[in-house]
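Structural description and commentary
The chain contents come next:
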Amino acid sequence: MSIDTRPAAPQRDAAHTPPRRPRPVRRRRLLGNPVAGLGSLIWLLIVLVPLYTLVSASLMHQDEALDGDPLAIPTDPTLENYRTVLDSGFLSLIGNTAIVAVATVALVLVLSVPVAYVAVRTRSRLSSLAFRTFLLGVAIPAQAVIVPLYLMIGKMGLYDSLWAIILPTAAFAMPVAVLVLSGTMRDVSEEMYEAMSLDGASPVRMLWQLAVPLSRAGISTVAIFSALQAWNGFLFPLILTQSEEQRVLTLGLFTFMSQFGVNIPAVLAAIVLSVIPIFAVYLVARRALINGLMGVGGK
């Protein structure tokens, strides 16, 4: 039996062991996606160039708008085109459109919030059938039912009134509103509903004190969507109204194009004035709109 006579290796003291140098971390260069960046730049130009041309041409004189470069900066900016539009009864068009938009949003919210709550909280076949019936409205275009609508509005005695615009606009905004709100209300946890139910809360109380406060993003989305539908609607005002007192913005712009067809800067000034109110509403509520659209699918 052989005995190892080699000296033992000296043990290193952990206290005197020099610390290991950390490996240098390679910094990744954040180059991004050049293709996506180029596409975003092209899309930004596609959006901004027409807006710039619209505003710039509305500040030009008639001869400069016809003979000059549409992308050029106005050499002698003027607000005379805006004065011409405002003196032509444009404020009454804004007022009628605002009434239609506010009334449409109020009707859609008052009706779609309870419908979406029942569709989420009730498991019966009747509620499921009603929810699917509402969703069928998404696939029905307004042009397909304009003749029956015209006859119904005439029978109700609402022809040539703002209600003739408000009621159909709210009806066609309801399917999307119910879809968005039902997706938002499904995100409310079942435990919260059960806790309120154990406290003796009624379904109506759970709706207004739990579902509605936690569905503010979806409600904001529905309000903005309905306001846009009412603000940009053209078919219902064209078919269901006749007098100048009941004209809304889109129909007024159509008239301006016929009245000031040669005065291109005046027509563009009317378009700019019609875009400002709804664009301001979108800027204020754009975050709520995005959050509400992200919750459409539900859980």
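Quick caveat: nothing in here was measured; it's all calculated off a predicted structure.

**Considering the side chain of Ser215**
- Position of Ser215 among the secondary structure elements: in the loop between α9 (203-214) and α10 (216-232).
- Judged by relative accessible area, which is 0%, Ser215 ranks as buried.
- Look past the residues within four positions of Ser215 in its chain and what remains in contact with it is Thr184 and Met185.

**Concerning the pattern of salt bridges**
- In the structure shown here, the tally under the stated rule is two salt bridges.
- Ionic pairing is found between Arg83 and Glu80, a salt bridge with its closest N-O pair at 3.2 Å. Of this pair, Arg83 and Glu80 both sit in helix α3 (residues 80-86), three residues apart, roughly one helical turn.

**With respect to helix α7 (residues 163-185)**
- Maximum bend of α7: about 40°, positioned at Met174, with proline Pro175 one to four residues after it.
- Counting buried positions along α7 yields 17 of 23 residues, so the element is predominantly enclosed.

**Let's talk about the environment of Glu64**
- As for its placement among the helices and strands, Glu64 is situated in helix α2 (residues 62-67).
- Glu64 sits in the buried class, given a relative accessible area of 17%.
- Placed 201 residues apart in sequence, Glu64 and Pro265 show a C-alpha to C-alpha distance of 9.6 Å.

**Points about the nonpolar core**
- Counting 37 residues, the largest nonpolar core has Val85, Phe90, Val100, Phe236 and Phe256 as its most contacted members.
- Discounting chain neighbours no more than four positions away, the residues touching Phe90 are Val85, Leu249, Leu253, Phe256, Ala270, Leu273 and Ser274.
- Counting 26 residues, the second-largest nonpolar core is a separate cluster that includes Val108, Val113, Ala119 and Val180.

**Brief notes about the environment of Arg186**
- Tracing the backbone through its elements, the reader meets Arg186 in the loop between α7 and α8 (190-198).
- The class of Arg186 is partly exposed, set by a relative accessible area of 34%.
- Along the backbone, Arg186 and Arg121 are 65 residues apart, and their C-alpha atoms lie at a distance of 8.7 Å.

**A look at the environment of Ala230**
- Along the chain, the position of Ala230 falls in helix α10.
- Counting along the chain gives 60 residues from Ala230 to Ala170, while the straight-line C-alpha distance between them is 8.0 Å.
- Ala230 has contacts with Val100, Ala101, Thr104 and Thr169, leaving out every residue within four places of it along the chain.

**Details of the side chain of Thr184**
- Tracing the backbone shows Thr184 in helix α7.
- A distance of 3.0 Å separates the side chain of Thr184 from the backbone oxygen of Val180, its partner in a polar contact.

**Observations regarding helix α4 (residues 90-121)**
- Here α4 contains 32 residues, and its C-alpha end-to-end distance of 46 Å stays within 8% of the 46 Å for a straight helix at 1.5 Å per residue.
- Helix geometry: α4 is bent most strongly at Ser112, by close to 25°, with proline Pro114 lying one to four residues after it.

**Points about the packing of α7 against α10**
- Interhelical geometry of α7 versus α10 gives an angle of 160° and a closest axis separation of 9 Å. Taken as axis vectors, α7 and α10 run roughly antiparallel relative to one another. Every pair of crossing elements has a handedness; the one defined by α7 and α10 is right-handed. Within the contact between the two elements, α7 uses Thr169, Ala173, Val176, Ala177, Val180, Leu181 and Thr184 and α10 uses Gly218, Ile219, Thr221, Val222, Phe225, Ser226, Gln229 and Ala230.
- Its residues placed into classes, the contact of α7 with α10 shows nine nonpolar, six polar and no charged.

**Overview of the packing of aromatic side chains**
- Using the criterion set out here, one finds four aromatic pairs in the structure.
- When the ring of Tyr117 is compared with that of Tyr193, the centres are 6.4 Å apart and the planes differ by 50°; the resulting orientation is tilted. Placement of the pair is Tyr117 in helix α4 and Tyr193 in helix α8, with a sequence separation of 76 residues.
- Among the residues examined, Tyr193 registers a relative accessible area of 1% and is labelled buried.
- Measuring from centroid to centroid gives 5.7 Å for Tyr150 and Tyr159, while their planes differ by 80°, and the two rings are edge-to-face.
- Accessibility expressed as a relative area gives 31% for Tyr159, which makes it partly exposed.
- We note Arg186 situated over the ring of Phe131; from NZ or CZ to the ring centre the distance is 5.7 Å.

Parameters at a glance
- Residues numbered from 1 in each chain as written.
- Predicted model: local features only at pLDDT ≥ 70, side-chain atom pairs only at ≥ 80, totals over all residues.
- Heavy atoms only, no water.
- Helix = DSSP H or I, 4+ residues; strand = E, 2+ residues; numbered from the N terminus.
- Buried < 20%, exposed > 50% of the residue type's maximum accessible area, 1.4 Å probe, protein only.
- Contact = heavy atoms within 4.5 Å.
- Salt bridge = Lys/Arg side-chain N within 4 Å of Asp/Glu carboxyl O.
- Bend = angle between axes of the 7 residues up to and from the residue.
- Core = buried A, V, L, I, M, F, W, Y, C linked by side-chain atoms within 4.5 Å.
- Polar contact = N/O pair within 3.5 Å; in protein donor to acceptor, adjacent residues only side chain to side chain.
- Expected span 1.5 Å × (residues − 1).
- Axes fitted to C-alpha atoms, helices over the stretch in contact; angles between N-to-C directions.
- Parallel < 35°, antiparallel > 145°, perpendicular 65-115°, else oblique.
- Left-handed = near helix turned anticlockwise from the far one by under 90°.
- Nonpolar A, V, L, I, M, F, W, Y, C, P; charged D, E, K, R; others polar.
- Phe/Tyr/Trp six-rings, centres within 6.5 Å; stacked < 30°, edge-to-face > 60°.
- Lys NZ or Arg CZ within 6 Å of the ring centre and 35° of its normal.

Interpretation in functional terms is not warranted from these geometric data alone.
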